[in-house]
Amino acid sequence: QVQLAESGGGLVQPGGSLRLSCAASGSIFSITAMAWYRQAPGKERELVAVITRGGSTDYGDSVKGRFTVSRDNAKNTVYLQMNNLKPEDTAVYYCNADVSPGFDLGYRNYWGQGTQVTVSS
């Protein structure tokens, strides 16, 4: 079994910054893509950012130029640096990862429990 634990959420004023972390633990042999999604009240969950094991990244259009995703493969951890936050960034942020428990055992997709980010004055 694999667990993803997010941290770093909270309340911040518009224009402020937050850094989210997500650590994977459990039966881990390899992790390919790690990603951040978010879901605001009344809206569908949307992709915020994704990063491959090799470091290639992609971002949702609404966060490009403001958010940066990174990862530490040795720690099985992915980060999301969020700058110039806007009220419309308010949402629950979820970590997602494709994890293999062993050699030649395939990959399974996992979700974290989510962390609340609120941008308000």
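Conventions we followed
Residues numbered from 1 in each chain as written. Predicted model: local features only at pLDDT ≥ 70, side-chain atom pairs only at ≥ 80, totals over all residues. Heavy atoms only, no water. Pairing = 2+ DSSP bridges. Helix = DSSP H or I, 4+ residues; strand = E, 2+ residues; numbered from the N terminus. Axes fitted to C-alpha atoms, helices over the stretch in contact; angles between N-to-C directions. Phe/Tyr/Trp six-rings, centres within 6.5 Å; stacked < 30°, edge-to-face > 60°. Lys NZ or Arg CZ within 6 Å of the ring centre and 35° of its normal.

Turning our eyes to something else, we now look at the sheet that holds strand E1 (residues 2–7). Taken in spatial order, the four strands line up as E1-E3-E8-E7 in an open sheet, and their pairing is antiparallel. Of all strands in the sheet, those bounded by a partner on one side alone are E1 and strand E7 (67–72). Across the sheet, the mean angle from the axis of one strand to that of its neighbour is 15 degrees, orientation sign disregarded. In terms of strand pairing, E7 meets strand E8 (residues 77–82) through six bridges, oriented antiparallel. Residue pairing in the sheet places Asp72 in a bridge with Thr77 of E8.

Taken as a whole and assessed by the stated rule, the structure comprises three aromatic pairs. Relative to Phe103, the ring of Phe29 lies with its centre 6.4 Å away and its plane at 80 degrees, an arrangement referred to as edge-to-face. Here the residue Phe29 occupies a position in the loop between strand E3 (18–26) and strand E4 (30–39), and Phe103 occupies one in the loop between strand E9 (91–100) and strand E10 (108–111), the gap between them amounting to 74 residues. Here a set of aromatic residues connected by ring pairs shows up, and it is made of Tyr37, Tyr94 and Trp111. Across from the ring centre of Tyr79, 4.1 Å away, lies the NZ or CZ of Arg19, which sits over that ring. Directly above the aromatic system of Tyr94 lies the positively charged group of Arg45, at a separation of 3.8 Å from the ring centroid.

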